[in-house]
Amino acid sequence: MNVFGRFRGHVVAVIERMAEDGAIPSGLDLARVAVEPPRDANHGDMTTNAAMVLAGPAAMKPNAFASLLAERLARLDDVADASVAGPGFVNLRLEDSFWHARLAETLQSGPAYGDSSVGGGEAVNVEFVSANPTGPLHVGHSRGAVVGDALAALLEKAGYDVTREYYVNDAGAQVDKLAHAAYWRYLEALGDKVSEDVIDGFVRDSDLEYRGDYLIPVGARLAERDGVKWVEAARDEWLPEVRAFVIDEMMGLIRRDLDALGIRFDVFTSERGLVAEGKVEDALRFLEARGLIYTGVLDPPKGKKPDDWEPRPQTLFRASAFGDDVDRPLRKSDGAWTYFATDIAYHLDKARRGYQTMIDVWGADHGGYVKRMQAAVKALTDGRCALDVKLCQMVGLFENGEPVAMSKRAGAFVAAADVVERVGRDAVRFIMLTRRNDAHLDFDFAKVTERSRDNPVFYVQYAHARVRSLFRHAAEVFGSGGLDADALARAAMHRLTDADEVGLIKVLAGWPRVVEGAAEAHEPHRVAYYLHALAAQFHALWNKGTDDANLRFLVEEDPELSRARLALAQGVATVVASGLRIFGVTPVEEMR
RNA sequence: GCGCCCGUAGCUCAACCGGAUAGAGCACGAGCCUUCUAAGCUUGUGGUUGCAGGUUCGAGUCCUGCCGGGCGCGCCA
């Protein structure tokens, strides 16, 4: 429970008491009563809209209601002042002692500070990356990877039971094309044992989409394992074998890329597996039994009729009954399932595994797919399960302000592993989280490693390193005893009287609310903004010591005060580390 | 043509299920190093929240219509 939730309880209790006393009508609906930080800190520490939302139903003027409420709130423990402002806000200013106690709590909780139970143990499935197993991850994938992983960690901290899942698209035509390319590399790898003519013939007769070098070692390994076994074999024979082999290899590559980013999955679900187990038929039977599948002819898209358009009867899902624009095809003309059909089966599978909330992280180019998938989930679960789709916009790569060419057509995409190697895992992860997922993100190689204030990674890390440096210094001055968090939790917090010291504690006290808000909104970027603001406040306080020696963290002749300030610094380090942990970024001990 | 996302300070972006005087950083102006890390800090200038309506005590936020940008648009994944 964050401090605002705690005070909301107090405010509600006071309002109920007012009703008992007959000061206001009883039976008011208090659901809309909120206790929040005011936008402007000058208004106080907390504000409530109670008078504004209740005045109407109570047939009172907001300001009259607010005055009554403020009068009673002022009598609460910890409340230094309660006043009415603006259209009927009641602002609370709390005693410093209240905030001092929060700092002690922070230190006692340590890394668990900010943990919340709002999730109530609810099972949430976060599916992300899910890149086709046709090659290494590129930089675009890494954004989705980081966003999904951080969102999962955030939800865990907020008390959800999270599964990180990767959906392996190993059943479509793409992996057959991949297998052909791997077979070509296999023939090449056999060298003298296969004539140039055979290879040339194969290349001529096949549509080789994947010509990247990364398949060369795959072909070599296949040749090593199976020798010439598949050279004379019919396509029907070698295709399943080579396909399985190359998918394995590609998933190995992808796992290595994910490792480099520090990302682990709990579950890999195979599309081919779903199909083989008959889950597509299951799902479609389910929809059919509800009359949601029919054979029909779709209208061409308005204003953009494809040249080869011809009306054609198709097996369709009644997506339009669940909010989609048109009904959607389930079967291709060759009889195979569409991607959508297997995706329906996959989402039904997730729902049946007990996830009431599913989150899919996709690239922005899949935006047109969101409505139909949500329609399908609605239909499959009778509206009981929610599907939230986070669309990640493109990442623009820059080198000192110059765009890095990255056209997919030219095959010049930048590998995720290369970016990690260039700037490090921590920088990649943090920067990818400094924007809302649906906003474009510019990633400049030079900037993300720059040691300056406009590099948020550096700025936040520096705050943590500064605290660690401070403790190293403190150990020299005061000895290392009594500097652990438990001991500091008992420090004389009442010595922290400067407005900026108390102000910094207030920022720390806001952390649990940030966790809850960001988790419920599925918006990990809020953590990045919070950490940046926290670092700024800390650096500001630190620097006040430059102007006024009395405000330095370490005052040699006053160990009691020093220990209180060390407690404050430790609180900052704890929260920064806590936030960075959600991001999968390692807090540093010193800047190098 | 239709759908989705976006439009906030010169630039890059925040604004917590509708809250008070819309905030940060960069850039620009003015200060701060015999002092715990100045790789930094303080402070100032800067806004018709794309436009026009609507909803209400209150709108950047919700609704409608325009304008501009991005993505997508029957069997690809």
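Novice: Please set out the protein's contact with RNA strand B residue by residue, giving values where relevant.
Specialist: Taken together, 67 residues sit near RNA strand B, with Asn 132, Lys 302, Arg 451, Arg 513 and Tyr 529 positioned nearest. Among the atoms of RNA strand B close to the protein, meaning within 4 Å, 55% are from sugar or phosphate groups. One of the side-chain nitrogen or oxygen atoms of Arg 435 is found 2.6 Å away from a sugar or linking oxygen of RNA strand B. Arg 513 places a polar side-chain atom, nitrogen or oxygen, 2.2 Å from a base oxygen of RNA strand B.

Novice: If you had to explain the domain arrangement of chain A to someone new, which residues and values would you point to?
Specialist: For chain A, the assigned domains are domain 1 (3–94), domain 2 (173–261) and domain 3 (456–583). For domain 1 and domain 3, the distance between their C-alpha centres works out to 31 Å.

Novice: Describe a negative patch on the surface, with residues and values.
Specialist: Together, Asp 77, Asp 78, Glu 95 and Asp 96 line one region of the surface with negative charge. Within the secondary structure, Asp 78 sits in the loop between α3 (62–73) and β3 (79–85). Here Asp 78 falls in the partly exposed class, since its relative accessible area comes to 31%.

Novice: Give a detailed account of the side chain of Arg 328, specifying residues and quantitative values.
Specialist: Within the fold, Arg 328 resides in strand β10 (residues 328–329). At 2.8 Å, the side chain of Arg 328 and the side chain of Asp 324 are in polar contact. Filtering out sequence-adjacent residues up to four positions away, Arg 328 remains in contact with Thr 315, Leu 316, Phe 317, Ala 319, Phe 340 and Arg 372.

Novice: Give a description of the sheet that holds strand β2 (residues 46–48) that names residues and reports values.
Specialist: Spatially, β1-β2-β4-β3 is the arrangement adopted by the four strands of the open sheet, whose pairing is antiparallel. Only two strands of the sheet have a single partner each, and these edge strands are β1 (35–36) and β3. Across six bridges, the pairing between β3 and strand β4 (residues 89–94) is antiparallel. Note on β4: the bridge partner recorded for Ala 85 is Phe 89.

Novice: Got a sec to walk through helix α6 (residues 173–189)? Specific residues and values, please.
Specialist: Between its first and last C-alpha atoms α6 spans 24 Å; for 17 residues at 1.5 Å apiece the expected length is 24 Å, and the two agree. Structurally, α6 contributes buried residues whose contacts are with α7 (196–205), α8 (216–226), α9 (235–261) and α10 (271–276). After α6 finishes, the residue Gly 191 shows a positive phi value of roughly 60°.

Novice: Tell me about the pairing of strand β5 (residues 123–127), residues and numbers included.
Specialist: Among the five residues of β5, four are classified as buried, and the element is accordingly described as predominantly covered. Both β5 and strand β6 (residues 161–168) contribute to a ladder of five bridges, which runs parallel. Residue pairing for β6: Asn 125 is matched across the bridge by Thr 163. Of the strand pairs in this sheet, β5 and strand β11 (residues 357–363) are connected by four bridges, and their pairing is parallel. Within β11, the position partnered with Glu 127 by the bridge is Asp 360.

Novice: Let's hear about the pattern of salt bridges: which residues, and what values?
Specialist: Inspection of the entire model under this criterion finds 36 salt bridges. One salt bridge in this structure joins Arg 264 and Asp 259, with 3.2 Å as the shortest N-O distance. Relative accessible area serves as the criterion here: at 60%, Arg 264 is assigned to the exposed category. You can call Asp 259 partly exposed: its relative accessible area is 37%. In this structure, Arg 328 and Asp 324 form a salt bridge, with 2.8 Å as the shortest nitrogen-oxygen distance. Assessed through its relative accessible area of 14%, Arg 328 is described here as buried. Asp 324 sits in the buried class, given a relative accessible area of 6%. Through salt bridges with shared partners, a single ionic network connects Glu 165, Glu 277, Lys 279, Asp 349 and Arg 353.

Cut-offs used in this document
Residues numbered from 1 in each chain as written. Chains lettered and ligands numbered in written order. Predicted model: local features only at pLDDT ≥ 70, side-chain atom pairs only at ≥ 80, totals over all residues. Heavy atoms only, no water. Near = heavy atom within 4 Å. Polar contact = N/O pair within 3.5 Å; in protein donor to acceptor, adjacent residues only side chain to side chain. Domains from an automatic or database assignment. Patch = residues over 30% accessible without salt bridge, like charges linked within 9 Å, V, L, I, M, F, W, Y side chains within 5 Å. Areas by Shrake-Rupley, 256 points an atom, 1.4 Å probe, with all protein chains shown as cover. Salt bridge = Lys/Arg side-chain N within 4 Å of Asp/Glu carboxyl O. Lys, Arg positive; Asp, Glu negative; His and termini not counted. Charge placed at Lys NZ, Arg CZ, Asp CG, Glu CD. Helix = DSSP H or I, 4+ residues; strand = E, 2+ residues; numbered from the N terminus. Buried < 20%, exposed > 50% of the residue type's maximum accessible area, 1.4 Å probe, protein only. Contact = heavy atoms within 4.5 Å. Pairing = 2+ DSSP bridges. Expected span 1.5 Å × (residues − 1).

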